[in-house]
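# A look at the structure
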2 protein chains.
Amino acid sequence: MKPGSNYYLGIDVGGSNTGIGVVRPSGELVVSTKISTDVRRGPKQLVSMIGETARRLMDECCAEVRLVGMGTPGPLDTHKGIVLEMPNLGWKNVPLGQMVQEELGITTYLDNDANAAAFGEWWVGAGVGARVLVCFTLGTGVGGGIVIDGSVFRGVKGAAAEFGHMIIQLNGRVCKCGKRGCLEAYASASAIASRARERAEAGDLPALLELAGGEVSRITSEMVSQSALEGDRFAQKIMEETASYLAIGVSNVMNALNPDVVVIGGGVMGAGDMILEPLRRFVRELTFEAIDDSARIVPAKLGREAGVIGAAGIAMMREESLR
Amino acid sequence: MKPGSNYYLGIDVGGSNTGIGVVRPSGELVVSTKISTDVRRGPKQLVSMIGETARRLMDECCAEVRLVGMGTPGPLDTHKGIVLEMPNLGWKNVPLGQMVQEELGITTYLDNDANAAAFGEWWVGAGVGARVLVCFTLGTGVGGGIVIDGSVFRGVKGAAAEFGHMIIQLNGRVCKCGKRGCLEAYASASAIASRARERAEAGDLPALLELAGGEVSRITSEMVSQSALEGDRFAQKIMEETASYLAIGVSNVMNALNPDVVVIGGGVMGAGDMILEPLRRFVRELTFEAIDDSARIVPAKLGREAGVIGAAGIAMMREESLR
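Conventions we followed
- Residues numbered from 1 in each chain as written.
- Chains lettered and ligands numbered in written order.
- Predicted model: local features only at pLDDT ≥ 70, side-chain atom pairs only at ≥ 80, totals over all residues.
- Heavy atoms only, no water.
- Salt bridge = Lys/Arg side-chain N within 4 Å of Asp/Glu carboxyl O.
- Helix = DSSP H or I, 4+ residues; strand = E, 2+ residues; numbered from the N terminus.
- Buried < 20%, exposed > 50% of the residue type's maximum accessible area, 1.4 Å probe, protein only.
- Least-squares fit on C-alpha atoms with pLDDT ≥ 70 in both.
- Contact = heavy atoms within 4.5 Å.
- Pairing = 2+ DSSP bridges.
- Axes fitted to C-alpha atoms, helices over the stretch in contact; angles between N-to-C directions.
- Buried area = accessible area lost by both parts, 1.4 Å probe.
- Phe/Tyr/Trp six-rings, centres within 6.5 Å; stacked < 30°, edge-to-face > 60°.
- Lys NZ or Arg CZ within 6 Å of the ring centre and 35° of its normal.

## Considerations on the pattern of salt bridges
Summed over the entire model, instances satisfying the criterion amount to 30 salt bridges over all chains. For B:Arg281, the salt bridge is made with B:Glu240, and the minimal N-O distance between the two is 3.1 Å. With a gap of 41 residues between them, B:Arg281 in helix H9 (residues 273-286) and B:Glu240 in helix H8 (residues 233-257) connect regions that are remote in the sequence. Since its relative accessible area comes to 36%, B:Glu240 is described here as partly exposed. One network of salt bridges, in which partners are shared, links A:Arg195, A:Arg199, A:Lys237 and A:Glu241.

Written as structure tokens, this is what we have:
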């Protein structure tokens, strides 16, 4: 066996970027890069770009890759490696796993991107050693992942951990999924931006509006977070409200699963303690004491690489379970 | 080995009654009975009555019991067999498992009563063969149970599946636990009765009020159910509302765990299709199609014996896992 023949490739397909990295069996990321996920050019083009980039990375570190793990958003058939639907890209029934496998000539496992991130955090991130880990990823949407005794829990059709579409408010805000009152409609980056825009239109957020160059429509979740960190009271209020909504989702999942680690990741967590501190306080109010006492609520540790590392780790685990 | 030496004893301790039964390894209930759980006389008295009754039952069917399984409400230490808190009985830190074990001279396992009911339904009830089963028990409170691949899922401290205290409404109705907006404050028997009393006071429910002998305070959930079955529109509306609240809880758990079977049991299910039919309809509206398609929502099959049978089954399973 050549040196480096024991590596794994992780791919994290997102709505705007796709991360690709080479991962050691220890979970260490050797090298990684990002390519843009160009929606208009379709899956074939993406797969050939993934192939090109992956080959370059493997050459770079003289790695021979045993297996490829790939995380994608949206509902999947993990057995057949098919992306059933990718709403942000408008794709349907794309056999992405198989296509990458053919492109690279390496066995490829497909999984949900939020599962991959959760697994990565359990494997080498914020939840090492957890028996029951749940992970909330607060990005454009709200993703979820569950890791029980070192395995991703997927439910009977691979669709478990859809925490973003938990209903926290009867007849509440309209969610992108068409329902009302979903957690995602309150605690995602887009929900934070929407709520901030509403307030800015009402004249409540002059500092934030200035950050956005005076245009309400340009306000982003990052700007709210930045404005809050700079001391703007109204922006701080929005972040605290976000934490209070998120706390309902986190508490509901904790009351259902009694985890020892709850990982909160995704872009929104750029706000750090501004979210985390009130979140912990609200969760404590909402959750059974014994359940709250047994869990640590922690920020994700792997950042944007969680998906790449976790996808590689899931591939490694699957290989082991087949031995 | 004598004939009948392979039986299990199941005990289901409830706030007002305690069920005791002898169960075959096949899950068949050989004989069972109920004694009243006399709160004022304390745990010692209850344990000695359990002992007396259990010995009589074992004599009756010439059964020699290998193990005892006991289900109780409230938070437990399942390892040590200690009831940490039994709010309805006002007990704290009672080593009930150990006390029954000493009384009967047979190894006794303690578990949560809702877990026992869920396990019973998975073992020989409405969810035989399920890979991921979740169970909602709608009684005075709302209990929950999760069975994954034939094992009760308890989380890290044995406190998982507290579905009754999932929050379905921000700043909603006050729950007995002190929080606001818990599922239990909307879909339990006591919640149904409370909502009906409010309407009756407003003059909306003459038929129901008549059933209660003209006294609002005497209205029970059973009466609402009976009145609805007899065709009273207002009572039917209350049952349908109950189903809509319950649907949020059921959908949230389905989106989190992607189960193949959802069992709904407990006294409230005396209303049968009056709850079940709108529940299925509302859940379909609230849940991801793939997740809804993969699950059957079914009424419990074992009725009041689920706890007794399931407790015996859990004891049997624990013994097997120790072999």
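Moving on, there is more to tell.
## Points about the relation of the copies chain B and chain A
Expressed as a screw operation, the relation of chain B to chain A combines 0.0 Å of axial shift with a rotation of 180 degrees, fitting to an RMSD of 0.0 Å. Within this description, the copies of the chain are treated as partners about a two-fold rotation axis. When the interface residues of chain B are mapped onto chain A, 100% of them again lie at the interface, so the same face is used by both copies.

## What about the sheet that holds strand E8 (residues 108-112) of chain B?
Residues and elements named next belong to chain B. One open sheet holds the five strands; their spatial order is E3-E2-E1-E4-E8, and the pairing between them is mixed. The sheet terminates laterally at strand E3 (29-36) and E8, the two strands that pair on one side only. On average, adjacent strands in this sheet sit at an angle of 20 degrees to one another, irrespective of strand direction. Here strand E2 (residues 17-23) pairs with E3 via seven bridges, running antiparallel. Within E3, the residue paired with isoleucine 20 across the bridge is threonine 33. The sheet contacts of helix H2 (residues 96-104) involve strand E1 (7-13), strand E4 (65-72) and E8, and relative to E4 the element is tilted by about 150 degrees.

## Some points on the interface of chain B and chain A
Every contact between the two is made by 37 residues of chain B and, on the other side, 37 residues of chain A. Taken together, the two surfaces of chain B and chain A that pack against each other cover about 3200 Å², and 67% of this comes from carbon and sulfur. One can count zero salt bridges joining chain B with chain A. The biggest single contributor to the side of chain B that touches chain A is H8(B), with six residues.

## Looking at the packing of aromatic side chains
Across all of its chains, the model carries eight aromatic pairs over all chains by this definition. Grouped by ring-pair contacts, the aromatic residues A:Phe119, A:Trp122 and A:Trp123 constitute a single cluster. Here the guanidinium or amino end of A:Arg281 rests over the ring plane of A:Phe282, the centre of that ring lying 5.2 Å away. The residue whose ring lies beneath B:Lys179 is A:Phe288, and the NZ or CZ to ring-centre distance is 5.9 Å.

Keep in mind these values describe shape, not function.
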